[in-house]
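Descriptive structure summary
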Amino acid sequence: MTAQTDTSPAVTTVYKVTGMSCGHCEGSVSGEISQIPGVSSVKAVASTGEVTVVSEAPLDDETVRAAVDEAGFELAGKA
């Protein structure tokens, strides 16, 4: 018998976020996006304005936009 494993690949998406300028900004954006169901990792980089999100499935852009708005920043789109 073989063990069943979850083989669905993770989805990595890079977004551009405007207004981030420091580590606190990165933490705010990462914290809000990480609360979206299915998100397994978030890495925000203020110097580039890029936020890399790893999730179980593609995320709805409006859901990501709402999370970024909640953190006090603006989603400029996908990088």
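The protein is annotated in an unreviewed UniProt entry as Copper chaperone CopZ from Streptomyces griseochromogenes.

1. Overview of the environment of E26
Relative to the helices and strands, E26 resides in helix 1 (residues 23-34). Overall, the relative accessible area of 23% leaves E26 in the partly exposed class. Not counting residues up to four positions away in its chain, the partners in contact with E26 are M20, A44, V45 and A46.

2. Thoughts on the pattern of salt bridges
Side-chain pairs of opposite charge can arise where the charged atoms are in close proximity. Following the criterion strictly, the structure yields two salt bridges and no others. When the shortest N-O distance is used, the salt bridge between K78 and D61 registers 3.6 Å. Here K78 is found in strand 4 (residues 74-78), whereas its partner D61 is found in helix 2 (residues 61-70), with 17 residues between them in sequence. According to the relative accessible area criterion, D61 is partly exposed, its value standing at 33%. The salt bridge partner of R65 is E62, with a shortest N-O separation of 3.4 Å. Highlighted residues: R65 and E62, both in helix 2, separated by three residues, approximately one helical turn.

3. Thoughts on the side chain of T13
Note that T13 resides in strand 1 (residues 11-18). Relative accessible area serves as the criterion here: at 13%, T13 is assigned to the buried category. Those residues in contact with T13 that lie beyond four places of it in its chain are V51, T52, V53 and K78.

4. Side note on helix 2
Considered for burial, the residues of helix 2 that qualify are V64, A67 and V68. Viewed along the axis of helix 2, the buried residues span an arc of 100°, placing them on a single side of the element. Of the residues in helix 2, the exposed ones pointing more than 90 degrees away from the buried face are E62 and E70. Elements that come into contact with the buried residues of helix 2 comprise strand 1, helix 1 and strand 4.

Procedures and definitions
- Residues numbered from 1 in each chain as written.
- Predicted model: local features only at pLDDT ≥ 70, side-chain atom pairs only at ≥ 80, totals over all residues.
- Heavy atoms only, no water.
- Helix = DSSP H or I, 4+ residues; strand = E, 2+ residues; numbered from the N terminus.
- Buried < 20%, exposed > 50% of the residue type's maximum accessible area, 1.4 Å probe, protein only.
- Contact = heavy atoms within 4.5 Å.
- Salt bridge = Lys/Arg side-chain N within 4 Å of Asp/Glu carboxyl O.
- Arc of directions from axis to C-beta.

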